[in-house]
Amino acid sequence: MSERLSEAEIILDKKEISIKDYKRFREIGRSINIDEMLYFANFDEALHLRLPEIAQKEGNWDWLEAEDEE
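Residues numbered from 1 in each chain as written. Predicted model: local features only at pLDDT ≥ 70, side-chain atom pairs only at ≥ 80, totals over all residues. Heavy atoms only, no water.

Draft legend 1. Geometry of helix α1 (residues 3-13). Considered for burial, the residues of α1 that qualify are L5, A8, I11 and L12. For α1, the angular spread of the buried residues around the axis is 115 degrees, confining them to a single face. Relative to its buried face, α1 has exposed residues pointing more than 90 degrees away, namely E3, I10 and D13. (Buried < 20%, exposed > 50% of the residue type's maximum accessible area, 1.4 Å probe, protein only. Helix = DSSP H or I, 4+ residues; strand = E, 2+ residues; numbered from the N terminus. Arc of directions from axis to C-beta.)

Laid out in structure tokens, this is it:
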């Protein structure tokens, strides 16, 4: 597994995830190559499940990036 994918996995494994973690995860997603896409897609799905945690902590969804607003 690449260093970028490992970092994405570490973010997802955190007990508490923050906006900073979310933004870094999105940066990683924009930098991965085609060979890593399948692995990252699984991580991306896991991140979507954790978005409500961030929203609850922040009290809003204003931080959500356009690609996740669907």
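Draft legend 2. Main features of the pattern of salt bridges. For the structure on display, the rule yields eleven salt bridges. The salt bridge involving E65 is made with K23; its shortest N-O contact spans 3.9 Å. Taken together, the positions of E65 in the segment after α3 (37-58) and K23 in helix α2 (residues 19-31) put the pair 42 residues apart, joining distant regions of the chain. On the basis of relative accessibility, which here comes to 16%, the residue E65 falls in the buried class. A salt bridge links R30 to E65; the nearest nitrogen and oxygen atoms lie 3.1 Å apart. (Salt bridge = Lys/Arg side-chain N within 4 Å of Asp/Glu carboxyl O.)

Draft legend 3. Fine view of α3. If you check α3, its first and last C-alpha atoms are 29 Å apart, about what 22 residues at 1.5 Å a residue would give, namely 32 Å. L49 marks the point of greatest bend in α3, at about 35 degrees, and the proline P52 comes within the next four residues. For α3, every residue scored as buried is listed here: F40, F43, L47, R50, L51, I54 and A55. Next to the buried residues of α3 lie α1 and α2. (Expected span 1.5 Å × (residues − 1). Bend = angle between axes of the 7 residues up to and from the residue. Contact = heavy atoms within 4.5 Å.)

Draft legend 4. Region of interest: the nonpolar core. The biggest cluster of nonpolar side chains holds 17 residues, and the ones touching the most others in it are Y22, F25, F40, L47, L51 and W63. Looking at this core, the elements with two or more residues in it are α1, α2 and α3. Among the elements that line this core, the one with the most residues is α3, at six residues. (Core = buried A, V, L, I, M, F, W, Y, C linked by side-chain atoms within 4.5 Å.)

Draft legend 5. View of the packing of α1 against α2. Remark: α1 packs on α2, axes separated minimally by 10 Å, with the N-to-C direction vectors making an angle of 155 degrees. In terms of orientation, α1 and α2 fall into the roughly antiparallel class. Judged by the sense of rotation from one axis to the other, the crossing of α1 with α2 is left-handed. When α1 is examined against α2, the residues R4, E7, A8, I11 and L12 are found in contact with a partner set consisting of D21, R24, F25, I28 and S31. Here the contact of α1 with α2 is composed, by residue class, of five nonpolar, one polar and four charged. (Axes fitted to C-alpha atoms, helices over the stretch in contact; angles between N-to-C directions. Parallel < 35°, antiparallel > 145°, perpendicular 65-115°, else oblique. Left-handed = near helix turned anticlockwise from the far one by under 90°. Nonpolar A, V, L, I, M, F, W, Y, C, P; charged D, E, K, R; others polar.)

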